[in-house]
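Structure at a glance
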Amino acid sequence: MSLPAARGARLGRVWRAVVIYAIAAWVIIQVANNVFPPLGLPPWTVTLVVVAAIAGFPCAVVLAWFGLSPERWLPQSRGMAAVGAPEAPQESPLERNRVAVLPFANISPDPADAYFADGMTEEMIASLSHIEGIRVIARTSIMQYKGVARSIAEIARELRVGSIVEGSVRKAGGSLRITVNLVDTQTQEQLWTKEYDRQFSDLFAIQSEVALHVASALRLQLVEGQRTRIERRGPADMATYSLYLLGKQAFARRTEAGLQTSIDYFEQAIAREPGFALAHAGLADALCILGDYGFAPPREAFPRAKAAAARAIALDGTLAEAHTAMAYVLWAYDWDWSGAERAFQRAVERNPSYANGHQWYGEFLTSMGRHEEALARISHALELDPLSLITNAVVGWALYFARRFDEAAEAVRRTLAMDPGFARAHVYLGRIYKAQGRLEDAIAEFKEGLRVSGDNPQYLSELGHTFGIAGYPEEALKTLAKLEAQASQHHVSPYDRAMINLGLGDHAKASGELEQACQDRRFYLVFLNVDPMFDVVRGTPRFEDLVKRVGPPPIPRAP
């Protein structure tokens with residue numbers, strides 16, 4: 001997305017100032033004409049208002065030119081884009097070292113090269129995040145601005161950033177032309193700009209050079225080891241790098257088809273260059289989500305994810321992505337709680353700007369019953385990725401497990417205001433409504449989640465459980481039959497069947513299926529100790545034995 005240059009931005013502010021001032025002056029003059037005479041005020045008072053309005057016009061233009069934008073003259077409304085983000089007072093200054101790398105514009109002759117521009121954006125985010133003193137907004141929030149015409153001031157206000165990196169990429173054959181600008185969002189002045197005409201093989205040197213120039217422009221001193229991380233080399237074969245970028249693009253969709261496509265691309269990249277650590281880390285991430293979302297049996301997905309993460313760490317121990325994936329497997333599949341926490345800590349130490357590391361660490365802390373620590377960690381992820389739908393929704397998910405249901409519902413409703421079609425948020429909200437006893441509302445949310453997701457088996461089980469506890473056993477059994485029918489086409493976990501039988505009141509059958517889910521290492525079992533849904537069987541010997549097998553540390557409970 002191409003942003004206005006500094007002069008153009010100033011002219012835009014002036015034009016907005018002219019329009020706003022003209023409207024305001026006209027309203028004031030009309031009020032004077034209609035209100036002053038009935039009040040008995042002399043005619044010269046109306047003339048005085050008109051003269052004052054005319055005299056104030058050049059002052060308004062000058063103020064707008066020098067940075068007092070017309071948006072500051074009016075009451076500020078918080079737009080939907082900022083929903084769920086931690087809100088700072090409107091008058092607080094923006095931090096120059098809080099940086100957003102906007103999607104690089106693809107100006108290549110072939111529109112299909114858009115993946116390469118997106119990859120350049122992501123790699124710039126990764127390079128800058130290794131610089132101590134810079135907080136970089138995550139990719140998920142940044143890509144909301146792809147192809148969207150927004151001013152620097154609007155983006156800065158929504159993301160609370162003091163600096164913006166933006167640019168364009170032109171790829172033709174083996175040649176590259178890359179233009180990069182660093183803009184101060186307070187003054188809208190260009191702090192640094194450069195155009196590169198290089199060969200494709202020089203891409204990684206360009207990325208490193210840009211990161212170093214940005215650090216210099218922000219007056220940051222690199223500490224030991226940072227330059228090495230910034231200057232890390234990519235694969236020797238640029239075709240391998242293209243496969244990696246295509247894998248990242250497919251992974252971002254988070255659908256079953258998208259994840260399978262991303263796995264294929266990452267595996268092709270690894271086959272071409274086995275020592276490419278980022279491709280191994282990408283493969284680990286994709287396999288973790290495949291197992292988490294129930295698209296593949298956990299015993300198939302997670303061991304492969306662990307092997308890929310271990311290989312990535314062996315090749316490059318600085319990769320936060322690899323340590324995060326390893327931590328996730330240790331938690332969600334191995335149930336190695338102490339090992340998982342150490343791995344999460346290593347991940348956020350390697351890259352404090354890696355939002356996904358903080359989010360998954362927060363979810364891990366939630367499953368341990370350490371709710372305040374969890375919410376603090378997830379809030380930090382939200383600061384780094386304020387427009388991420390899943391991170392906003394996870395705020396509500398964590399509050400649900402903390403049994404702060406009203407706050408949880410509000411957080412998830414804010415997420416749905418950002419995107420009503422986000423299926424996972426509907427399911428989270430349904431679960432919260434269920435805990436509040438709002439069963440009809442919960443049923444409506446689960447049905448909507450199923451509609452927009454295409455009958456996800458996990459969501460069917462949520463609906464079936466709610467039908468059962470709401471007194472609709474026939475509907476619950478129909479839902480169970482539908483779930484069983486899906487088993488011939490998709491992986492269906494015993495955990496999903498257990499939920500419906502739990503809702504029907506068949507606790508013995510539900511417990512047996514939960515034990516099967518334990519053998520399958522179903523991910524959601526890590527929340528058994530904190531999930532309000534299982535209060536109905538909490539304390540029974542069979543359930544407590546299951547919790548011990550999953551192994552979370554005991555949570556002190558009120559008598």
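The model shown is predicted, which means the values in this text are computed figures rather than measured ones.

Considerations on the pattern of salt bridges
One pass over the structure, following the stated rule, counts 29 salt bridges. Across the pair R431 and E462 runs a salt bridge, and its minimum N-O distance is 2.6 Å. Separated by 31 residues along the polypeptide, R431 in helix α18 (residues 423-435) and E462 in helix α20 (residues 457-469) bring together distant segments of the chain. In this structure E462 comes out as buried when scored by relative accessible area, which is 5%. Measuring nitrogen to oxygen at the nearest pair gives 3.1 Å for the salt bridge that ties D455 to K482. Of this pair, D455 sits in the loop between α19 (439-453) and α20 while K482 sits in helix α21 (residues 473-486), and the two are 27 residues apart along the sequence. Its relative accessible area of 27% is what places D455 among the partly exposed residues.

So, α18
Counted at 1.5 Å a residue, the expected span for α18 with its 13 residues is 18 Å, and the 19 Å between its end C-alpha atoms agrees. Here α18 lies mainly inside the structure; 12 of its 13 residues are buried. Burial in α18 covers these residues: A423, R424, A425, H426, V427, Y428, L429, G430, R431, I432, Y433 and K434. Tucked inside the fold, the buried residues of α18 contact α16 (389-401), α17 (405-418), α19, α20 and α22 (494-503). Positive backbone phi, approximately 85°, marks G437, located one or two places after α18.

As for the packing of aromatic side chains
On inspection of all chains with the given rule, the structure shows 30 aromatic pairs. Seen from their ring centres, W331 and F364 are 6.0 Å apart, and the 90° between their planes marks the pair as edge-to-face. Of this pair, W331 sits in helix α12 (residues 320-332) while F364 sits in helix α14 (residues 355-367); the two residues are 33 residues apart in sequence, bridging distant segments of the chain. Side by side, W331 and F364 carry an identical accessibility label, which is buried. Over the ring of F116 we find K171, and its NZ or CZ is 6.0 Å from the ring centre.

Things to note about the nonpolar core
Membership of the largest hydrophobic core comes to 164 residues, with the highest contact counts inside it found for L128, I178 and W331. Of the residues forming this core, the biggest block, 11 residues, is contributed by helix α10 (residues 277-292). Every residue in contact with W331, bar those within four places of it in the chain, is listed here: W337, A340, F344, W360, E363, F364, S367, F523, V526 and F527.

Cut-offs applied
Residues numbered from 1 in each chain as written. Predicted model: local features only at pLDDT ≥ 70, side-chain atom pairs only at ≥ 80, totals over all residues. Heavy atoms only, no water. Salt bridge = Lys/Arg side-chain N within 4 Å of Asp/Glu carboxyl O. Helix = DSSP H or I, 4+ residues; strand = E, 2+ residues; numbered from the N terminus. Buried < 20%, exposed > 50% of the residue type's maximum accessible area, 1.4 Å probe, protein only. Expected span 1.5 Å × (residues − 1). Contact = heavy atoms within 4.5 Å. Phe/Tyr/Trp six-rings, centres within 6.5 Å; stacked < 30°, edge-to-face > 60°. Lys NZ or Arg CZ within 6 Å of the ring centre and 35° of its normal. Core = buried A, V, L, I, M, F, W, Y, C linked by side-chain atoms within 4.5 Å.

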